[in-house]
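# Geometric and topological summary
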Amino acid sequence: MKEQLKQIKQKALNDQIPIMSDDSIDYIIANLQKYQCKSILEVGTAVGFSALSFACSITDLKIITIERDRSRYEEAVRNIEMLEFKHRINAVFTDALEFACTEMVDALIIDAAKAQNKTFFDRFFPFVKPRGIVIVDNLDFHGHNENVGLLTDRRNLRQMVNKIRAFEDYINIRKDLEVERVSIGDGMMMIRRIGHSFNFIE
Ligand SMILES: C[S@@+](CC[C@H](N)C(=O)[O-])C[C@H]1O[C@@H](n2cnc3c(N)ncnc32)[C@H](O)[C@@H]1O
């Protein structure tokens with residue numbers, strides 16, 4: 001299993017398909033275990049590497065994962081079939097902005113178009129159970145977030161970074177949420193509702 005996952009990762013890297021770093025995967029798995037998550041909605045499947053990594057590590061985890069790029073989605077489906085995870089990973093080919101979620105989940109993982117983090121959060125947060133968690137990846141945006149002042153001649157990139165920052169501000173000022181911002185991978189954020197005590201496993 002681990003060998004097949006390594007091959008999927010290597011192929012994605014060779015094909016220049018963006019996937020989560022090992023540190024990001026480990027951070028997410030640790031939190032899924034800590035908060036005893038059994039169901040995930042993931043926005044941004046790519047070729048299924050992160051979803052398969054989570055499913056391999058947590059035996060009873062069920063995942064819905066959304067991808068809008070047809071060839072990536074098709075490769076994800078092949079990978080999910082190859083590792084025999086069809087019964088636990090439901091890959092959906094659609095734009096997340098059109099996906100009508102119908103079930104409550106323990107965790108929402110946002111790893112798609114970075115400028116749309118707020119839109120994804122607002123759309124899917126109502127489907128996160130009261131004690132559930134949200135994890136957002138790539139907040140440092142390859143280091144550009146820290147250096148936004150230097151991006152004077154790169155308008156699109158600057159706009160993207162400003163949107164990522166605006167999303168962070170939007171989350172940070174909300175009184176109903178608690179946030180953990182970590183410099184893991186490309187910068188991640190874990191969000192939970194305040195006031196929902198939880199007997200988590202340390
Ligand atoms: C960083 S990759 C996901 C990597 C994957 N989570 C992994 O680590 O293996 C982001 C993916 O999100 C997809 N994406 C971006 N915006 C999307 C949207 N609005 N709806 C669905 N998928 C989207 C992109 O096509 C891309 O494949």
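In this report, we go over the structure that sits alongside the text. Treat the numbers as computed from the prediction; the structure is a model and nothing was measured.

## A look at the site of the ligand
- Around the ligand, the surrounding shell holds 18 residues, and the nearest of these are Met20, Gly44, Phe49, Ser50 and Ala96.
- At the level of secondary structure, the elements contributing two or more residues to the shell around the ligand comprise helix 3 (49–57) and strand 2 (62–67).
- Among the residues forming the shell around the ligand, the class breakdown is 10 nonpolar, 2 polar and 6 charged.

## What to know about the pairing of strand 3 (residues 89–93)
- In terms of strand pairing, strand 2 meets strand 3 through 5 bridges, oriented parallel. By the bridge assignment, Glu67 is partnered in strand 3 with Phe93.
- Each parallel crossover has a hand, and the one from strand 2 via helix 4 (residues 70–82) to strand 3 is right-handed.

## Things to note about the sheet that holds strand 5 (residues 128–136)
- Spatial strand order, 3-2-1-4-5-7-6: 7 strands in an open sheet with mixed pairing. Both edges of this open sheet fall to strand 3 and strand 6 (177–182), since each of them pairs with a single strand only. Between one strand and the next, the sheet's axes are offset by a mean angle of 15°, whatever the strand orientation.
- By the bridge criterion, 4 bridges tie strand 5 to strand 7 (residues 188–193) in an arrangement that is antiparallel. Within strand 7, the position partnered with Ile135 by the bridge is Met190.
- Helix 4 rests against strand 2 and strand 3 of the sheet, and its axis sits at about 160° to strand 3.

## Things to note about the environment of Arg123
- Along the chain, Arg123 turns up in helix 5 (residues 117–124).
- Along the primary structure Arg123 and Ile29 are separated by 94 residues, whereas in three dimensions their C-alpha atoms are 23 Å apart.

## Points about unusual backbone geometry
- Not every positive phi belongs to a glycine, and Gln16 is a case in point at roughly 60°.
- Given 6 C-beta atoms within a 10 Å radius, Gln16 is considered exposed.
- Its identity as a non-glycine residue notwithstanding, Glu84 has a phi of 60°, on the positive side.
- Mapped onto the elements of the fold, Glu84 is located in the loop between helix 4 and strand 3.

The rules behind the values
- Residues numbered from 1 in each chain as written.
- Predicted model: local features only at pLDDT ≥ 70, side-chain atom pairs only at ≥ 80, totals over all residues.
- Near = placed C-beta within 6 Å.
- Helix = DSSP H or I, 4+ residues; strand = E, 2+ residues; numbered from the N terminus.
- Nonpolar A, V, L, I, M, F, W, Y, C, P; charged D, E, K, R; others polar.
- Pairing = 2+ DSSP bridges.
- Right-handed = clockwise from strand over helix to strand, strands pointing away.
- Axes fitted to C-alpha atoms, helices over the stretch in contact; angles between N-to-C directions.
- Contact = placed C-beta atoms within 7 Å.
- Buried ≥ 20, exposed ≤ 12 C-beta atoms within 10 Å, placed from the backbone.

Treat this as a map of the structure, not an account of what it does.
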